[in-house]
Amino acid sequence: MKAVLSKSVGGPETLVLEELPSPEAKPGWAVVSVKACGVNYPDVLIIEDKYQFKPPRPFSPGGEISGVVKAVGEGVIHLEPGDRVLGNTGAGGMAEEIALDASRLVPIPPAMPFDEAAAFLMTYGTSYYALKDRGHLRAGETLLVLGAAGGVGLAAVELGAAMGARVVAAASSREKVDLAKAHGAQAGVVYPKGPFDRDGQKALADLFKQACGEGGADVVYDGVGGDYAEAALRCTAWEGRFLVIGFPAGIPRIPLNLALLKGCDIVGVFWGAAVARDPAAHQRNVRELLDLYAAGKIRPHVSERFPLARAGEAIAHLASRKALGKVVVTID
Ligand SMILES: NC(=O)c1ccc[n+]([C@@H]2O[C@H](COP(=O)([O-])OP(=O)(O)OC[C@H]3O[C@@H](n4cnc5c(N)ncnc54)[C@H](OP(=O)(O)O)[C@@H]3O)[C@@H](O)[C@H]2O)c1
């Protein structure tokens, strides 16, 4: 079977496609013939050794997959060969086959295409856990989403709308804001591409305040970081919740007096660790997400598909800030 491998630290151009022996299903595990692999920002980071997990090399990037179960190991009872599944893999998804702990795999509805299934778990899983379990978003509240046309951002827009919030989408181009509006945002703001000096940051905070209205944002979903974070924190409402999701624009340093002045919470969100610590809560969330999908309230926007041999280009597309919604690597 073929796999895209990171054999040395570096960008997407360092990835190579190689032939490897097929993996085997040890007890409790399953082997999946991969049909599609969702590309996420952690793939940009993991091959450069900048992510919180550093798999030993050589490894394949690719943190979530969909496919067909090829074999199951002893003791696996909830799956059988031929089942259509999705799963979070951490890494290893950019390959024709993957072996993983069967508890990481979830059967998918017959009507769910493989590309949407591979673009489902990481974004909606993260954003649902963030908005529901960490942000306690309530109907009628204002939700400001930064990077609103990115993977986790667009999922937050759809989920926020499904939860009854007034969603304000913020992104770096009109095309991105329009996409977020088509997915449920009621208002939008186009922000410049940073970095920003003090005046630029103040102007950015004013942009966010204008878009959110007088009270500010009850919940801020920050999957961007960098200079955007402080500007968005300045727009957080009294007793609001500022959700720390990710840092494609850099890791910000925040003056803590802002949290005091606004009486707000700055809330860390680490979905992968939450899944490992409370698998039952994760499974409940996945069931609720699949129900929202079945009801037509959420649906991954897959804008680009790349074949396995061009997986590096898929990762580079994300790193260049060009991606709309989700990018997926597909395997025939
Ligand atoms: N906390 C968790 O548990 C968790 C789980 C999954 C992912 N994440 C993190 O969430 C973040 C977003 O992940 P994603 O997969 O949704 O990524 P994505 O699809 O690439 O979206 C990221 C967005 O960030 C914005 N951005 C700002 N500066 C950028 C830059 N220099 N390079 C690239 N994008 C930039 C872009 O929107 P604009 O152009 O509109 O600004 C882009 O749409 C990442 O940091 C990722 O590690 C966290």
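Just above sits the structure.
Remember, it's a predicted structure, so these values are computed and weren't measured experimentally.

Rules of the game
Residues numbered from 1 in each chain as written. Predicted model: local features only at pLDDT ≥ 70, side-chain atom pairs only at ≥ 80, totals over all residues. Heavy atoms only, no water. Axes fitted to C-alpha atoms, helices over the stretch in contact; angles between N-to-C directions. Helix = DSSP H or I, 4+ residues; strand = E, 2+ residues; numbered from the N terminus. Parallel < 35°, antiparallel > 145°, perpendicular 65-115°, else oblique. Contact = heavy atoms within 4.5 Å. Nonpolar A, V, L, I, M, F, W, Y, C, P; charged D, E, K, R; others polar. Near = heavy atom within 4 Å. Polar contact = N/O pair within 3.5 Å; in protein donor to acceptor, adjacent residues only side chain to side chain. Areas by Shrake-Rupley, 256 points an atom, 1.4 Å probe, with all protein chains shown as cover. Domains from an automatic or database assignment. Buried < 20%, exposed > 50% of the residue type's maximum accessible area, 1.4 Å probe, protein only. Pairing = 2+ DSSP bridges.

Participant: Break down the packing of helix α3 (residues 121–134) against helix α10 (residues 279–294) for me, citing the residues and quoting the values.
Facilitator: Put simply, α3 and α10 touch, their axes get as near as 10 Å, and they point 110° apart. Accordingly, the angle class assigned to the pair α3 and α10 is roughly perpendicular. Contacts between α3 and α10 pair L121, Y124, G125, Y128, Y129, K132 and D133 from the former with H282, N285, V286, E288 and L289 from the latter. Here the contact of α3 with α10 is composed, by residue class, of 6 nonpolar, 3 polar and 3 charged.

Participant: Break down the site of the ligand for me, with residues and values.
Facilitator: Around the ligand, 26 residues are found, and the nearest of them are S172, K176, Y191, V269 and R321. P248 places a polar main-chain atom, nitrogen or oxygen, 3.4 Å from a nitrogen atom of the ligand. In this structure, a nitrogen atom belonging to the ligand sits 2.7 Å away from a main-chain N or O atom of V269. Starting from 910 Å² of accessible surface for the ligand in isolation, the protein chains cover 91%. Looking at the shell around the ligand, the elements that each hand over two or more residues are α1 (41–46), α3, α4 (151–162) and α11 (311–319). Split by residue class, the shell around the ligand holds 16 nonpolar, 8 polar and 2 charged. Mapped onto the domain boundaries, the shell around the ligand takes at least three residues apiece from domain 1 (2–120 + 300–330) and domain 2 (123–272).

Participant: Can you break down the pairing of strand β3 (residues 29–39) residue by residue, with the values?
Facilitator: Among the 11 residues of β3, 8 are classified as buried, and the element is accordingly described as predominantly covered. Examined bridge by bridge, β3 and strand β6 (residues 97–101) share 5 bridges and lie antiparallel to one another. Bridge pairing in β6 links W29 to D101. Direction of pairing for β3 relative to strand β4 (residues 64–72): antiparallel, over a ladder of 8 bridges.

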